[in-house]
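Secondary and tertiary structure notes
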Amino acid sequence: MVSDQRVFHYSLLSLYVIAPMTFIALRFLQAPYGKHYRPGWGPTIYPPLAWFLMESPTIWLTLLLISFGLNFSNPKSLVLMSPFLFHYFHRTCIYPLRLHRNSARRNTAHGYPISMLVLAFVFNILNAYLQARWVSHYKDYENDGWFWWRFFGGLVVFLGGMAVNIWSDRVLVGLKKEGGGGYKVPRGGWFDLVSCPNYLGEIVEWLGWAVMTWSWVGLGFFLFTCANLVPRALANHRWYLEKFGEDYPKGRKAVIPFLY
């Protein structure tokens, strides 16, 4: 019988293998949703429902694993897992509702390919297992004298990134509510610096999470987030430049202010 420790080890190894593969693949081919939607990827479903389904393992699987972890009764374990659950409660429940309200008003949203949903669902099972199992079972809290320093330092970074991420999503959804249809140039705040502050915010979030957990699983998730979102940010930046031409601010970077 395969031990849980071996499953955990190979799951972690898989995360580090798929991160560079994802980065390379997305430099040549963008996932077909949102601005980059295109037919030919199989059947689609309602986008808000797709977001709810594919992100849901980060809630139910995380809560299930916490209840079976050796550190279940340790308050440090529960405190550490809270930011992860906080982010994914918003991503799984609040964000799809906001998309639904916008789609109901405009009825213009493209469907979300089920093939992409399945890939995201599988990844979220893998990642939720790794993050929750590490925090609730394998992490040694008793011999970690720096736990609270790393937690609060990482939490400041995490909450700052989440604030940018949520604010940016609200701006983008708000633009779609305006009359005239189609895409518009987002302006103001972080959009004056980068084309995709929503991605910048999420990258910063998981950097904070890597600091809080101080683990290979946290670092692996941060690296995967970069591998997934940086190529998409570059593609979005090119899309904006091609669509709006001279009307698009030339000083903006794609995802990292002043640099990239």
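Note that the coordinates shown come from a computational prediction; the quantities given were computed from them, not determined experimentally. (Residues numbered from 1 in each chain as written. Predicted model: local features only at pLDDT ≥ 70, side-chain atom pairs only at ≥ 80, totals over all residues. Heavy atoms only, no water.)

**Observations regarding the side chain of Arg 98**
What counts here: Helix and strand definitions here come from DSSP, where helices need a minimum of 4 consecutive H or I residues and strands a minimum of 2 consecutive E residues; each element is numbered from the N-terminal end. Exposure is judged per residue with a 1.4 Å probe applied to protein chains only, and the accessible area is read against the type maximum: over 50% gives exposed, under 20% gives buried, and values in between give partly exposed. Only four residue types enter the charge count, namely Lys and Arg as positive and Asp and Glu as negative; His and the chain termini do not. For this analysis, a salt bridge means a side-chain nitrogen from Lys or Arg found within 4 Å of a carboxyl oxygen belonging to Asp or Glu. Only heavy atoms enter the contact rule, under which two residues are in contact if any of them lie within 4.5 Å.
Checked against the element boundaries, Arg 98 lands in helix 4 (residues 75-106). Asp 169 provides the closest opposite charge to the buried, unpaired Arg 98, separated from it by 5.6 Å. Excluding its chain neighbours within four sequence positions, the residues that come into contact with Arg 98 are His 90, Arg 170 and Val 173.

**Focus on the pattern of salt bridges**
For the coordinates displayed, the defined rule picks out five salt bridges. In this structure, Arg 91 engages Asp 169 in a salt bridge whose closest nitrogen and oxygen atoms are separated by 3.3 Å. Here Arg 91, found in helix 4, pairs with Asp 169, found in helix 6 (residues 147-177); they are 78 residues apart in sequence, far enough to count as distant. Assigned by exposure class, Arg 91 and Asp 169 land together as buried. Residues joined in a network through salt bridges with shared partners are Arg 91, Asp 169 and Glu 202.

**Points about the nonpolar core**
Put simply, the rule reads: Each nonpolar core is a collection of buried residues, namely Ala, Val, Leu, Ile, Met, Phe, Trp, Tyr and Cys, held together in the definition by side-chain atoms within 4.5 Å.
Within the largest apolar cluster, 32 residues are counted, with the highest numbers of intra-cluster contacts made by Met 81, Leu 130 and Trp 209. Elements with a minimum of two residues in this core: helix 1 (4-28), helix 3 (57-68), helix 4, helix 5 (114-138), helix 6, helix 7 (197-213) and helix 8 (216-244). With seven residues, the single largest contributor to this core is helix 5. Once residues within four sequence positions are removed from consideration, Met 81 is found in contact with Thr 62, Ile 66, Gln 131, Ala 132, Val 135 and Trp 209.

**Description of unusual backbone geometry**
Most peptide bonds take the trans form, and the phi angle of most residues other than glycine is negative. For Trp 214, which is not glycine, the phi dihedral falls at a positive 50 degrees. By the element assignment, Trp 214 lies in the loop between helix 7 and helix 8. The phi dihedral of Phe 258 is positive, around 70 degrees, even though this residue is not glycine. Note that Phe 258 resides in the segment after helix 8.

**Focus: the side chain of His 137**
Definition in use: Two N or O atoms count as a polar contact when they lie within 3.5 Å, although within protein this holds only if one can serve as hydrogen donor and the other as acceptor, and sequence-adjacent residues are included solely when both atoms are side-chain atoms.
In this structure, His 137 sits in helix 5. At a separation of 3.2 Å, a polar atom in the side chain of His 137 contacts the main-chain amide nitrogen of Leu 70.

**Comments concerning the confidence of the model for the protein**
For clarity, the threshold we go by: pLDDT: the predictor's confidence for each residue, scored from 0 to 100.
Of the residues in the protein, 94% have a pLDDT of 70 or more, and the chain-wide mean is 90. Ranking the elements of the protein by mean pLDDT puts helix 4 last with 88 and helix 7 first with 97.

**A few points about the packing of aromatic side chains**
The relation between two aromatic rings is expressed through the spacing of the ring centres and the mutual angle of the planes. Operational definition: Here a pair means two rings of Phe, Tyr or Trp (six-membered ring of Trp) with centres within 6.5 Å. Their orientation is stacked below 30 degrees between planes, edge-to-face above 60, and tilted elsewhere. Note on criteria: charge over ring means Lys NZ or Arg CZ within 6 Å of the ring centre, with the direction from the centre no more than 35 degrees off the ring normal.
Applying the stated rule across the entire model yields 25 aromatic pairs. Measuring from centroid to centroid gives 4.1 Å for Phe 123 and Phe 224, while their planes differ by 15 degrees, and the two rings are stacked. Here Phe 123 is found in helix 5, whereas its partner Phe 224 is found in helix 8, with 101 residues between them in sequence. Residue class for Phe 123 comes out buried when judged on its relative accessible area of 14%. Considering the side-chain rings of Tyr 141 and Phe 147, the 5.6 Å spacing of their centres and the 70 degrees angle between planes classify their relative orientation as edge-to-face. The two residues Tyr 141 and Phe 147 agree in class, both being buried. Here the aromatic cluster, defined as three or more aromatic residues joined through ring pairs, consists of Phe 84, Tyr 88, Phe 123, Phe 158, Trp 206, Trp 209, Phe 221 and Phe 224. The ring of Tyr 95 carries Arg 91 above its face, with NZ or CZ at 4.5 Å from the centroid.

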